[in-house]
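Read off the chains here:
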Amino acid sequence: MRIKRTLVGLRVARVGIQMIDVSSDNSGHSLRMLVWQALKLYPSHALIPFLNDRTDIVRTAAARELQIRGEIETFHLAEKMIKSRRSRDRDLGAFLLGQLGTPRMPYKKRSVPLLIPLLTDRSAQVRESAASALGHLQAKEAIAALVAASDDPVADVRRGVASALISFPRNKAARLCLRKLANDVDEDVRYWARDDL
């Protein structure tokens, strides 16, 4: 009888976990919210190991919490990460730099020169993250590099470039590039490029 109750309890628990996991791939759902709330209780130094977690949700939540706190130690960590041999580290480093210290962005002047070279990184994911980060930072000094990256062979990178360039509605080069991207072969690229036109 005890064994049967235990098995039923495990089955119910497993079903409960699956229900959370099903919604975990959509932003704003239960697992993301639970992880984010829990990580808010940790001191910054204790969040750093979570950046290497095998779960995307945990890594992203830890990075977002560090971004919001906007501490100089996080800037130095991101600076090291973008020099890593591992593309996942470079990707996360670019992500951190893109919104570090939101909304004031106190590291913008130091971050932009670190991000621009990542637009030509060997990893498409890093190139996309760098483009998005430069857009978040509204880095006008990166417009020429973003325009050059608009010819990237990977659609996700071009989409990141388009989403960055919409931050500069009054810049002629940005608008011309967005017009070109509005006719891209990829639907998502076209969607982002047309958002501002």
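Refer to the structure presented above.
Description of the structure in this document.

The rules behind these values
Residues numbered from 1 in each chain as written. Predicted model: local features only at pLDDT ≥ 70, side-chain atom pairs only at ≥ 80, totals over all residues. Heavy atoms only, no water. Phe/Tyr/Trp six-rings, centres within 6.5 Å; stacked < 30°, edge-to-face > 60°. Helix = DSSP H or I, 4+ residues; strand = E, 2+ residues; numbered from the N terminus. Buried < 20%, exposed > 50% of the residue type's maximum accessible area, 1.4 Å probe, protein only. Polar contact = N/O pair within 3.5 Å; in protein donor to acceptor, adjacent residues only side chain to side chain. Contact = heavy atoms within 4.5 Å. Axes fitted to C-alpha atoms, helices over the stretch in contact; angles between N-to-C directions. Parallel < 35°, antiparallel > 145°, perpendicular 65-115°, else oblique. Nonpolar A, V, L, I, M, F, W, Y, C, P; charged D, E, K, R; others polar. Arc of directions from axis to C-beta.

Per the stated rule, a full pass over the model turns up 3 aromatic pairs. Residues Phe 75 and Tyr 107 carry aromatic rings whose centres are separated by 5.3 Å and whose planes lie at 15° to one another, so their mutual orientation is stacked. Note that Phe 75 is positioned in helix H5 (residues 72-81) and Tyr 107 in the loop between helix H6 (87-98) and helix H7 (108-115), a separation of 32 residues in sequence. On the basis of relative accessible area, Phe 75 is assigned to the buried category, the value being 1%. Ring geometry for Tyr 191 against Trp 192: centres 6.0 Å apart, planes inclined by 85°, an arrangement best described as edge-to-face.

This brings us to the side chain of Arg 127. Looking at the secondary structure, you find Arg 127 in helix H8 (residues 124-136). Here the side chain of Arg 127 touches Asp 121 through a polar contact of 2.8 Å, landing on its backbone oxygen. When sequence neighbours within four positions are dropped, the list of residues in contact with Arg 127 reads Leu 118, Leu 119, Thr 120, Asp 121, Arg 122, Asp 152, Val 154 and Val 157.

This next bit is on the packing of H5 against H7. Two quantities define a packed helix pair, namely the angle between the axes and the distance from one axis to the other. At their nearest, the axes of H5 and H7 sit 11 Å apart, and the two run at 10° to each other. For the element pair H5 / H7, the angle class is roughly parallel. Every residue of H7 that contacts H5 at Ile 72, Phe 75, His 76 and Glu 79 is listed here: Arg 110, Ser 111 and Leu 114. In the contact of H5 with H7, the residues fall into 3 nonpolar, 2 polar and 2 charged.

Moving on, we get to helix H11 (residues 172-181). By the burial criterion, the buried members of H11 are Ala 174, Cys 177, Leu 178 and Leu 181. On an axial view of H11, the arc spanned by its buried residues comes to 105°, and they lie on one face. As for H11, its buried residues are in contact with helix H9 (143-149), helix H10 (155-165) and helix H12 (187-194). By the N-cap criterion, in which a side-chain oxygen at the helix start approaches the backbone nitrogen of a residue two or three places on, H11 is capped by Asn 171, the distance to Ala 173 being 3.0 Å.

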